[in-house]
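Given next are the chains, with one letter for each unit.
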Amino acid sequence: MSYYFAIIGTQDNPLFEYEFGTSKQGGDGQARFSEQAHQLNQFVLHSSLDIVEEVQWTTGQLYLKVIDKFFNNYISCFMTGGNVKFLLLHQPTATAAGASSARNSTSVGANPTSPQTEEAIKNFFNEVYENYVKAIMSPFYKVNMEIRSPVFRQRVAAAGRKYL
């Protein structure tokens, strides 16, 4: 499974972007997006922001689960109290996408909407949120400023390896 993670600010500007692959079940942690998908990922995430704005007022939850699907790409969302959005585009592998039901495989990548996958993504978002709060607590950080910290990038990568 390949992942594209982005933090979107209050003015719909990207604050942080990171692409990675699964590290579970023998994965090497490398994203396997096609060349076209690399260019399309940011567009797909930003087009789902309209749905996020509709859904955020209908639920009191911070974790909005899978909010959108574009072909074989699923978009999950986590909202912060300050209206910053964490968006994760996840693309199942070709073998996982070809599975006829969730019972055929127990891997996280086999069924993007399964409870196991939802729980793994929720845990990933919670850990990234903790690190995000620590990053923005810096006196040098201004609201809607891009996050360039290599430590933050390493912690997001570690959370991705741990949960996804």
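Above this note sits the structure.
Residues numbered from 1 in each chain as written. Predicted model: local features only at pLDDT ≥ 70, side-chain atom pairs only at ≥ 80, totals over all residues. Heavy atoms only, no water.

Colleague: What should I look at first to understand the packing of helix H4 (residues 115–136) against helix H5 (residues 150–163) in this one?
Modeller: Two quantities define a packed helix pair, namely the angle between the axes and the distance from one axis to the other. Remark: H4 packs on H5, axes separated minimally by 9 Å, with the N-to-C direction vectors making an angle of 165 degrees. By the criterion of interaxial angle, the relationship of H4 to H5 is roughly antiparallel. In the crossing of H4 with H5, the sense of the turn from one axis to the other is right-handed. On H5, the residues touching Ala 120, Asn 123, Phe 124, Glu 127, Val 128, Asn 131, Tyr 132, Lys 134 and Ala 135 of H4 are Phe 152, Arg 155, Val 156, Ala 159, Gly 160, Lys 162 and Tyr 163. Partitioned by chemical class, the residues of the contact of H4 with H5 number nine nonpolar, three polar and four charged. (Axes fitted to C-alpha atoms, helices over the stretch in contact; angles between N-to-C directions. Helix = DSSP H or I, 4+ residues; strand = E, 2+ residues; numbered from the N terminus. Parallel < 35°, antiparallel > 145°, perpendicular 65-115°, else oblique. Left-handed = near helix turned anticlockwise from the far one by under 90°. Contact = heavy atoms within 4.5 Å. Nonpolar A, V, L, I, M, F, W, Y, C, P; charged D, E, K, R; others polar.)

Colleague: I'm lost on the nonpolar core in this one. Help?
Modeller: A general tendency of soluble globular proteins is for nonpolar side chains to be buried together. Counting residues in each nonpolar core, the largest one holds 26 residues, and the members touching the most others are Phe 5, Ile 7, Phe 86, Leu 88, Phe 124, Phe 125 and Tyr 132. Here this core takes six residues from H4, the largest share from any one element. The residues contacting Phe 86, other than those within four sequence positions of it, are Phe 5, Ala 6, Ile 7, Ser 76, Cys 77, Phe 78, Thr 80, Phe 125, Val 128, Tyr 129 and Tyr 132. One finds Ile 67, Ile 75, Met 79 and Leu 89 within the second-largest nonpolar core, a separate group that totals 14 residues. (Core = buried A, V, L, I, M, F, W, Y, C linked by side-chain atoms within 4.5 Å. Buried < 20%, exposed > 50% of the residue type's maximum accessible area, 1.4 Å probe, protein only.)

Colleague: How should the packing of aromatic side chains be read in this particular structure?
Modeller: Under the defined criterion, the tally for this structure stands at 16 aromatic pairs. A centroid spacing of 5.4 Å and a plane angle of 55 degrees characterise the contact between Phe 78 and Tyr 129, whose relative ring orientation is tilted. In this pair, Phe 78 is assigned in strand S4 (residues 73–79) and Tyr 129 in helix H4, connecting sequence segments 51 residues apart. Take Phe 78: its relative accessible area is 3%, and that puts it in the buried class. Overall, the relative accessible area of 25% leaves Tyr 129 in the partly exposed class. (Phe/Tyr/Trp six-rings, centres within 6.5 Å; stacked < 30°, edge-to-face > 60°.)

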